[in-house]
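Read off the chains here:
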Amino acid sequence: MRTKIRVGVLAGAVLLSGTAGAQTEIHWWHSMQGALNDKVNELANGFNASQKEYKVVAIFKGQYPESMTAAIAAFRAGNAPHILQVFEVGTATMMGAKGAIKPVYELMKEAGEPFDAKNYLPAVAGYYTDSKGNMLSLPFNSSTPVFYVNKDAFKKAGLDGTAPKTWKEFAAVAGKLKASGQQCVYSTGWPAWVHVENFSAWHNLPIGTRENGIAGTDTEFKINSPQHVRHVEMLADFAKRGLFTYSGRKNEAEARFFSGECAMLTSSSGAQANIRRNAKFDFSVNFLPYHDDIKGAPQNSIIGGASLWVMTGKKPAEYRGVTKFFSYLSSTGVQVDWHKSTGYVPITNAAYEATKKDGYYEKVPGADIAVRQLANKAPTPNSKGLRFGNYVQGREVIEEEMEGVFAGKKDAKTAMEEATRRGNEILRKFQAANKS
Amino acid sequence: MEKRVVFRSAWLPYALLVPQIAVTIVFFFWPAAQAFWFSFQLQDAFGISTEFAGLRNFADLLRDEHYLASFKSTAVFSLLVAASGIAISLLLATMADRVLRGALAYKTLLIWPYAVAPAVAGVLWAFLFAPSIGIVTYVIRKAGYNWDWVLQGDQAMLLVVMAATWKQISYNFLFFLAGLQSIPRSLVEAAAIDGAGPSRRFWTIVFPLLSPTTFFLLVVNIVYAFFDTFGVIDSTTQGGPAGATQILVYKVYYDGVKAGDLGGSSAQSVILMLIVIALTVAQFRFIERKVQY
C-alpha cells in the first residue's frame, strides 16, 4: 500500500514537472513532518517566487532512515534527487559514498556562488566539514540537548527555582524533589546523544579517536573512559534511588515533562515549541549540568538534526539552481524566520545576531540557550562533532548497553567496555566496506 | 473423489502457469538469490564499492553473542505466540461453536482483529500499556506492581507476544471454527449417549479430528511469528530494551533497511531462511506423523 502511494506521489510529481516548461527543476527529498513539512514547502515556495529560472520541488519521503534508504535505492537505479536531507548519524555513510555525493564547497566553487564557511556557526558547520575545514553538506535543521526544569515543582519542594549547574547540585536538588513527593524526578530523551555524545563534548572528552572519526574511518570508540563509566554509574545510581526514570530511546520523555510527571528533563532544544504549548507550569531552559571536577568543563555541546546533501550526476544548470537555493536558505531573513518558528538553531552568525538585536530572546526566554551552549567555547577536536560509520547501529549498541545498566542487569564498567568493543567492530566493518 | 481436468493443448497449461511462476520468480526467487549473493559481499550503502568477503559476514554474526542471544528470544517469542495463539483460539472456537443466539455477532467480533495491520496492532497495545500514560498500566500500578516495559526485558517480551498473538487469534479462530463445524454431529452425539462428558468428548473425539487443522495452524503460526511480526515490534519496542525483543527478522529489517548494512542483513536473512526450512521439514517429518487425516 505504502509503495503504491509513493509511486502515486512520484507519478504526480512527474506530471507536474511536465507542465513546468522552461524552468529547471530541483528535487529536494526531506523528512519533515507536520508543521515542519509546511515550513519546508514555504521555503521552497519562497525561493520559487524569488526568481524565475529554477523551481524547487520539495517531496516528503518518510522519516530519516526511510528517505535515506529511498535515496540510496534511487541512486542505484540512476535517478537520485538533487538534494537529500540526511540526519546527523548518516553523515559518515554519505561522506563515504564519494561517487554519490557532491561536496557543497566544491559545488559552490564550481558555480562561482559566493560562499564562506566562516559565516556559519562553527559548532554547527563543524559537524559537516572535513578535517581540512571544507563544508561537505549544508546544515539545515540543527538542535542540541538542553536542560529543562519545572519551576513550580521546584518551589513545591522548597527550592528557589534555579536550575542546578553541576551534577553534584543536581543530585541534591533531585533528592529534595523526591522527598517532596515528586513521582518522576528526572528523565531524558535520546540517551546516547545526551549522555554519551554530548556528555563527552561538554566535558571535552573524546568519543572516539581521530577527532571523533572526522579525521578518518580508522577511528575507535573511547567511551569506556573512567569519566564515561562514572557518569553512567551515576545515572544508574539515580535510577536505583528513584531519581531518574528511563523513558526510551527517542523523545518519549518530553511528554512526561510537559505533562508535569517529571520535574527535570534533558532533551533536544527542538522540544521547546511543544513544551511551551503544552506545559501548564512555569519552566526554564538551561545549560546541561556538568561535572565540575573534570577539567575544561563545560566546553560546548554538539548538534543533532540533519543537513542537506547534493547528489552527483546532475546537469550544471541544475547545480547552479542548487547553489542559488542554498544561498537563499542561508540568507539572514530566511534563517531568522526558520529559527523563530521551528526552534532549530540559526545556522549563520548573521542570523543569530539579527535575532538577538530584534529582542526576541528577551521576549522568549530560553530560546537562545541552545546557540549559547553550542558557542560556549571554540570547539575542540573533541567537541566539533562526530563521524562514525554505520552509526545507526553504533548508537543502538550504546543504547542497548545503557538500558542494561539502568535495568540493574549490568554494571556501568562492563556495559561501557562492551559498547566500545561492539561499536569498534561496527566501525571496522564500515572501514573495510569504504576503503576507497 | 479425485477430479481431473485434462488439457488437450500442449502449451495451454504452461501458459496458464506463467503468471504465477513469474510472480514467484520475480518476488521470491530473485530477491532470495540476491540476498544469497549479497551475503558474501562487503558493500557500502550506495553500492559504489563492492568486495567479495567470503564468509566474513557469517563469521561476524556467529561471533556476536548478541546475535546468538536473539536466537533464544526468537524461540521464546515464536513458541509463546504460536502456543498461546492456538490455545486461545481453540477455546474461543469451541465456545463460539456452541453458542445458539447471536452466533454471527460473536464470530464477526472475533474475526475483526485480523483486519488490523500489524503496526496498528502494535501501537494499540503499546498505548494501552505505555509506562506513563497507559490505561492498563494505571490499573497494574494500582495493584502495586511495577510495570515498565521500556526497561524490563521480560515485560517487553510479554507485550509484543500479546500484541502479536491478539492479531493472529482471528485467523486461527476461523480455521478452528470451520474444522469444528465439519465434525459429524453423530460422532459426538453417540459418545454422549455412551456417557462421555464434555471434556472427554472433546479430548477423545473432537481434538483428534481437529489435528490436521491444528498442525496446519502450527506451521502457519510459526512462520507468522518468524516473519510477519516485525511490524508489531517496530511500532512498540524496536527490539529493546537491551535487545530483549530483538527477534531475528527484526534485526534483518533493522540492519538492512534502517542501518544500510546490506551484507550483514543478507547473511542474517540467509540464516533465517535455513532455520525456517529446517523447522518446516522437522514439523512435517515428526509432528505430522501424529496427525490423523
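Residues numbered from 1 in each chain as written. Chains lettered and ligands numbered in written order. Predicted model: local features only at pLDDT ≥ 70, side-chain atom pairs only at ≥ 80, totals over all residues.

Observations concerning the overall build of chain A
Per the secondary structure count, chain A includes 20 helices and ten strands. Relative to its length of 436 residues, chain A is compact, with a C-alpha radius of gyration of 22 Å against a globular reference of 22 Å. When each of the 436 residues of chain A is scored for burial, the buried share is 52%. Within chain A, contacts between residues at least 6 apart in sequence are counted, and of these 75% link residues at least 24 apart. (Helix = DSSP H or I, 4+ residues; strand = E, 2+ residues; numbered from the N terminus. Rg over C-alpha atoms; globule rule 2.2 N^0.38 Å. Buried ≥ 20, exposed ≤ 12 C-beta atoms within 10 Å, placed from the backbone. Contact = placed C-beta atoms within 7 Å.)

With respect to the domain arrangement of chain A
Residues and elements named next belong to chain A. Partitioning chain A into structural domains gives domain 1 (2-143 + 303-374) and domain 2 (145-301 + 389-433). For domain 1 and domain 2, the distance between their C-alpha centroids amounts to 29 Å. At the interface, 17 residues of domain 1 touch 22 residues of domain 2. When residues of the side of domain 1 that touches domain 2 are traced back to their parent elements, those giving at least two are helix 4 (91-96) and helix 18 (369-374). Per element, the largest residue contribution to the side of domain 1 that touches domain 2 is four residues, and it comes from helix 18. A breakdown of the residues in the side of domain 1 that touches domain 2 according to their chemical character gives nine nonpolar, eight polar and no charged. (Domains from an automatic or database assignment. Nonpolar A, V, L, I, M, F, W, Y, C, P; charged D, E, K, R; others polar.)

Some details on the interface of chain A and chain B
Accessible area lost when the parts come together is the quantity often used to give the size of an interface. Counting residues at the interface gives 30 residues for chain A and 23 residues for chain B. Those elements that provide at least two residues to the side of chain A that touches chain B are helix 3 (64-76), helix 4, helix 19 (391-406) and helix 20 (412-433) of chain A. Among the elements that make up the side of chain A that touches chain B, the one with the highest residue count is helix 19 of chain A (six residues). Residue composition of the side of chain A that touches chain B, grouped by class: eleven nonpolar, eleven polar and eight charged.

Description of the packing of helix 5 (residues 118-128) of chain B against helix 7 (residues 153-181) of chain B
Residues and elements named next belong to chain B. It is the contact of helix 5 with helix 7, at a shortest axis distance of 9 Å, that shows an interaxial angle of 135 degrees. As judged from the angle between their axes, helix 5 and helix 7 are oblique. Crossing handedness for the pair helix 5 and helix 7: right-handed. Residues Pro-118, Ala-121, Gly-122 and Trp-125 of helix 5 touch helix 7, and the partners they reach there are Leu-159, Met-162, Ala-163, Trp-166 and Lys-167. (Axes fitted to C-alpha atoms, helices over the stretch in contact; angles between N-to-C directions. Parallel < 35°, antiparallel > 145°, perpendicular 65-115°, else oblique. Left-handed = near helix turned anticlockwise from the far one by under 90°.)

Things to note about the pairing of strand 9 (residues 283-286) of chain A
Residues and elements named next belong to chain A. Only one face of strand 9 is buried, namely the one carrying Phe-283 and Val-285, since none of Ser-284 and Asn-286 on the opposite face is buried. The pairing of strand 6 (residues 145-150) with strand 9 spans four bridges and is classified as antiparallel. Paired with Asn-150 across the two strands is Phe-283, which belongs to strand 9. (Pairing = 2+ DSSP bridges.)

With respect to helix 16 (residues 349-357) of chain A
In an α-helix, one turn spans 3.6 residues, which is why side chains three or four residues apart end up on the same side. All names here are of chain A. For helix 16, every residue scored as buried is listed here: Ala-351, Tyr-352 and Thr-355. One side of helix 16 carries all its buried residues, which in axial view fall inside an arc of 100 degrees. Contact partners of the buried residues in helix 16: helix 15 (332-342), helix 17 (360-363) and helix 18. Following helix 16 by one or two positions, Gly-359 adopts a phi angle in the positive range, close to 80 degrees. (Arc of directions from axis to C-beta.)

Thoughts on the confidence of the model for chain A
Detailed conclusions should not be drawn from predicted coordinates in areas where pLDDT is low. All names here are of chain A. Overall, the predicted model of chain A reaches an average pLDDT of 91, with 95% of residues at or above 70. Low pLDDT, under 50, characterises residues 1-5; the stretch is placed with zero contacts to residues that sit more than four places away or in other chains. Note on residues 7-20: pLDDT is under 50 here. Beyond four places in sequence and across chains, it has five contacts. (pLDDT = per-residue confidence, 0-100.)

Describing the sheet that holds strand 9 of chain A
Residue and element names in this part refer to chain A. Read from one edge of the open sheet, four strands run 7-8-6-9, paired in mixed fashion. Each of the sheet's edge strands pairs with one partner strand only, and the pair in question is strand 7 (184-188) and strand 9. When strand polarity is set aside, the average angle formed by the axes of neighbouring strands in this sheet is 15 degrees. The sheet contact formed by strand 7 and strand 8 (residues 262-268) spans four bridges and is parallel. Bridge pairing in strand 8 places Cys-184 opposite Cys-262.

Examining the nonpolar core
By size, the foremost hydrophobic cluster in this structure holds 171 residues, and its most contacted members are A:Val124, A:Tyr148, A:Val185, A:Tyr186, A:Cys262 and B:Val160. A per-element tally of this core places helix 7 of chain B first, with ten residues. Mapping this core onto the domain boundaries places at least three of its residues in each of domain 1 (2-143 + 303-374) and domain 2 (145-301 + 389-433) of chain A. Sequence-distant contacts of A:Cys262, that is, excluding residues within four places in its chain, are made with A:Cys184, A:Val185, A:Tyr186, A:Ser187, A:Thr245, A:Ala253, A:Arg256 and A:Phe257. Among the nonpolar cores identified, the runner-up in size contains five residues, and B:Ala35, B:Phe38, B:Leu262 and B:Val270 belong to it. (Core = buried A, V, L, I, M, F, W, Y, C linked by C-beta atoms within 7 Å.)

Observations regarding the environment of B:Arg201
Tracing the chain through its elements places B:Arg201 in helix 9 (residues 198-228). A sequence separation of 106 residues divides B:Arg201 from B:Met95, and the C-alpha atoms of the two residues are 14 Å apart.

Let's talk about unusual backbone geometry
Omega for the bond connecting A:Ala297 with A:Pro298 falls within 30 degrees of zero, at -5 degrees, which places this linkage in the cis form. Summarising the element assignment, A:Pro298 is placed in the loop between strand 9 and strand 10 (304-311). The amide bond that connects B:Gly240 to the next residue, B:Pro241, takes the cis arrangement and shows omega of -15 degrees. Position of B:Pro241 among the secondary structure elements: in the loop between helix 10 (230-235) and helix 11 (248-258). If you check the backbone angles, A:Trp190 has positive phi at about 45 degrees while not being a glycine. If you trace the backbone, A:Trp190 turns up in the loop between strand 7 and helix 9 (191-202). Residue class for A:Trp190 comes out buried when judged on the 23 C-beta atoms lying within 10 Å of it. Positive phi outside glycine occurs at B:Ala242, with the angle close to 50 degrees.

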